[in-house]
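Fold and geometry: a report
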Amino acid sequence: MWHSELVRRYGGRCQTRGLAHRATSPEYLTVLTDRPPRTKALLTKFVASDQLTRLELPGDDRLRLTARAIEEAMTDGTRTTVQRACADFLSAAAEFYGLPKPDVRALASRPLRVREGGWATELFGDYTPSTGVIRIWTRTAVRKQVTSFGTFLSTLTHEFCHHLDCQRLGFRQSPHTRGFYQRAAVLYHHARGTEMKPLVWLRMPGGRWRIDWRRMRTAPPVQNIRYTALDLQR
Ligand SMILES: [Zn+2]
């Protein structure tokens, strides 16, 4: 089984990391929220992000078509064509949400960091708020295989949601809250044209939450994800 952790910001950047196993499906990512901040001002923003589970989506196919072009470029294109397709997707998304377009760099094999105990993490993508640059890796660290399209698109939409947080929603720290993951999931499923299931959360120590994939698999899909307002578990 493939585990991964989506890890938080280091030095002001969001980094999406996973354990160094072959990515078979984004479904197996371990999604964990950040620890709530201690200062009152940051906590107010954190709670607002946590509660914002709605994300408006285009009523047309602009994101689906540009996402499909990324998938095609990943199948038989070069890294340059993948990067161009990502830029087109991000332009379409930025235009819809009224944001400046983020820059994107599609890089080769993911950096691997071996940690104590012998396990390793690899970087999937990151976003730097000060420059608005998204970096995304197209190959797995160990086997140098092309990243699965689902994992790739899920990383790209995740990083774009940080851009949306910083540029539009007023969440300058862009914390990984339940609301953040919900918005990222809404965007991912819309762009991929797949069914979205309500996110089911398990309470963890320290005020954090983790997605319970097992319970989610048995839940019915959300019928209309265009304006999703799902109740979060308290
Ligand atoms: Zn992130």
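The present account deals with the structure reproduced in this document.

**Side note on the overall build of the chain**
Broken down by element type, the chain carries six helices and eight strands. Tracing the chain from N to C terminus, the helices and strands come up as β-β-α-α-α-β-β-β-β-α-α-β-β-α. Counting every position in the chain, which comprises 234 residues, the buried fraction comes to 38%. For the chain, contacts bridging at least 24 residues in sequence account for 66% of all contacts bridging at least 6.

**Looking at helix α2 (residues 62-76)**
Spanning 15 residues, α2 covers 22 Å between terminal C-alpha atoms, matching the ideal 21 Å at 1.5 Å per step. Residues of α2 that are buried: L63, A67, I70, A73 and M74. Each buried residue of α2 sits inside an arc of 115° when the element is viewed along its axis, so together they form one side. Opposite the buried face of α2, by more than 90 degrees, sit the exposed residues T75 and D76. On the buried face of α2, the contacting elements are α3 (79-97), α4 (149-169) and α5 (178-192).

**Looking at the packing of α3 against α4**
Viewed as axis vectors pointing N to C, α3 and α4 meet at an angle of 35°, and their least axial separation amounts to 11 Å. Considering how the two elements wind past one another, α3 and α4 form a crossing that is right-handed. The residues of α4 that touch α3, namely those facing C86, F89, L90, A93 and Y97, are L156, F160, L164 and R168. Of the residues belonging to the contact of α3 with α4, the class tally is eight nonpolar, no polar and one charged.

Rules of the game
- Residues numbered from 1 in each chain as written.
- Predicted model: local features only at pLDDT ≥ 70, side-chain atom pairs only at ≥ 80, totals over all residues.
- Helix = DSSP H or I, 4+ residues; strand = E, 2+ residues; numbered from the N terminus.
- Buried ≥ 20, exposed ≤ 12 C-beta atoms within 10 Å, placed from the backbone.
- Contact = placed C-beta atoms within 7 Å.
- Expected span 1.5 Å × (residues − 1).
- Arc of directions from axis to C-beta.
- Axes fitted to C-alpha atoms, helices over the stretch in contact; angles between N-to-C directions.
- Left-handed = near helix turned anticlockwise from the far one by under 90°.
- Nonpolar A, V, L, I, M, F, W, Y, C, P; charged D, E, K, R; others polar.

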